[in-house]
Amino acid sequence: MADITGDQRVQSEVLEGLATAVNHRRWFVELALPYLGDNPIEIGSGLGDYALEWSERLPRITATEADPDRLVRLKERLAEHPGIEVRQMLLPHSERGDYSAAVSYNVLEHIEDHVSALRSMRDLVRPGGAVIIIVPAFQFAMSPADVATGHVRRYTKKTLAAAMTDAGLTVEKIHYANALGLIGYFMATKVFRLMPKEGPMVKVYDTLVLPATKAAEQRVRPPFGQSVFAVARVPG
């Protein structure tokens, strides 16, 4: 099993801060919904924000976490939601499953052997099911915030597609998301060396900038973005 990289305290602080970016989260919730099926598993659920929103539209979902302390908090938070199973999971592993999909947001960049991690996700999903990934984009945006939270890389469409293909997956859809977010993230974390925590900047971005960015990108896919979104299929 892979080590859990990064400062867990800093990671939790960032997760708590980003939980206030409600519009951003709902956008990324919607991106995955068409591919989740009836029984998906989320790899790296953090504090459970995505799992909670997906559970409102799905009969069941499994939430997972690698860090033991966050796993305890996750179980406590989701205890009253019978449609959500919570379990610990580290990648890579040798487990096999029959989930309808595996979805993992902002996790793969923490794992040195990301191809093996993607193979592990593939093996959890039934043939024809989906592996749905969001990762941070562009190595030039690697900042002290990335290092503190344990990122070992950032991606392009090409590098993420190559990793998924090497893992035995068939890429169905891949595109950048949140173009203006990349500019804001670069300025905040690399130029001004700030951490992406709760505060006025996050609130202004989420309330005013994000809705316009989402509307524009639903019409035209941008040539760059803060994240790469990808869907790949498990071969039959």
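Quick summary incoming for the structure in this document. (Residues numbered from 1 in each chain as written. Predicted model: local features only at pLDDT ≥ 70, side-chain atom pairs only at ≥ 80, totals over all residues. Heavy atoms only, no water.)

This brings us to the overall build of the chain. Along the backbone of the chain there are nine helices and seven strands. A separation threshold of at least 6 residues defines the contact pool for the chain, and within that pool the share at least 24 residues apart is 77%. For the chain, the exposed area adds up to about 10800 Å²; of that, 56% sits on carbon and sulfur atoms. (Helix = DSSP H or I, 4+ residues; strand = E, 2+ residues; numbered from the N terminus. Contact = heavy atoms within 4.5 Å. Areas by Shrake-Rupley, 256 points an atom, 1.4 Å probe, with all protein chains shown as cover.)

Next up on the list: the pairing of strand β4 (residues 99-105). With seven of seven residues buried, β4 is to be regarded as a mostly interior element. Pairing geometry for strand β1 (residues 41-42) and β4, over two bridges, is parallel. The partner of Ile 41 across the bridge, within β4, is Ala 102. Where β4 and strand β5 (residues 125-136) come together, six bridges link them in parallel fashion. (Buried < 20%, exposed > 50% of the residue type's maximum accessible area, 1.4 Å probe, protein only. Pairing = 2+ DSSP bridges.)

Moving on, we come to the sheet that holds strand β3 (residues 84-88). Spatial strand order, β3-β2-β1-β4-β5-β7-β6: seven strands in an open sheet with mixed pairing. Single-partner strands in this sheet number two, and they are β3 and β6 (170-177). Helix-sheet contacts for helix α4 (residues 68-78) involve β2 (61-65) and β3, and the interaxial angle to β3 is about 165°. Against the sheet, helix α7 (residues 157-166) engages β5, β6 and β7 (227-233), with an angle of about 155° to β6. (Axes fitted to C-alpha atoms, helices over the stretch in contact; angles between N-to-C directions.)

Turning our eyes to something else, we now look at the pairing of β5. In terms of burial, β5 is a largely internal element, nine of the 12 residues being buried. For the handedness criterion, the β-α-β arrangement of β4, helix α5 (residues 114-124) and β5 is classed as right-handed. Across seven bridges, β5 lies against β7 in antiparallel orientation. When the sheet's bridge partners are listed, Ile 133 is paired in β7 with Ala 230. (Right-handed = clockwise from strand over helix to strand, strands pointing away.)

What follows is about unusual backbone geometry. Residue Pro 92 is reached from Leu 91 by a cis peptide bond, and omega for that bond is -5°. Positioned with a positive phi, Phe 138 is a non-glycine residue whose angle comes to about 70°. Although it is not a glycine, Asn 178 sits at a positive phi angle of roughly 70°. Looking at where Asn 178 falls in the secondary structure, it is placed in the loop between β6 and α8 (179-191).

This brings us to α5. The element α5 is extensively covered by neighbouring structure, given that nine of its 11 residues are classed as buried. Turning to α5, its buried residues number three or more, namely His 114, Val 115, Ser 116, Ala 117, Leu 118, Ser 120, Met 121, Asp 123 and Leu 124. Of the surrounding secondary structure, the elements contacted by the buried residues of α5 are β1, β4, β5 and α7.

In this section: the packing of aromatic side chains. As enumerated under the stated definition, the model contains eight aromatic pairs in all. Consider the rings of Phe 28 and Tyr 105, whose centres lie 6.2 Å apart with planes at 80°: the pair is edge-to-face. Of this pair, Phe 28 sits in helix α2 (residues 22-32) while Tyr 105 sits in strand β4, and the two are 77 residues apart along the sequence. The residues Phe 28 and Tyr 105 share a single accessibility class, namely buried. Each residue in the set Trp 27, Phe 28, Tyr 50, Trp 54 and Tyr 105 is aromatic and connected to the rest through ring pairs, giving one cluster. (Phe/Tyr/Trp six-rings, centres within 6.5 Å; stacked < 30°, edge-to-face > 60°.)

Here we take up the nonpolar core. Grouped together as the largest cluster of nonpolar side chains are 33 residues, with contacts concentrated most on Leu 108, Leu 118, Met 121, Val 131, Ile 133, Leu 160 and Met 164. Of all elements in the fold, only β4, α5, β5, α7 and β7 reach the threshold of two or more residues within this core. A per-element tally of this core places α5 first, with five residues. Residues contacting Leu 160, with those up to four places away along its chain left out, are Leu 108, Ile 133, Val 135, Tyr 155, Ile 174, Val 228 and Ala 230. (Core = buried A, V, L, I, M, F, W, Y, C linked by side-chain atoms within 4.5 Å.)

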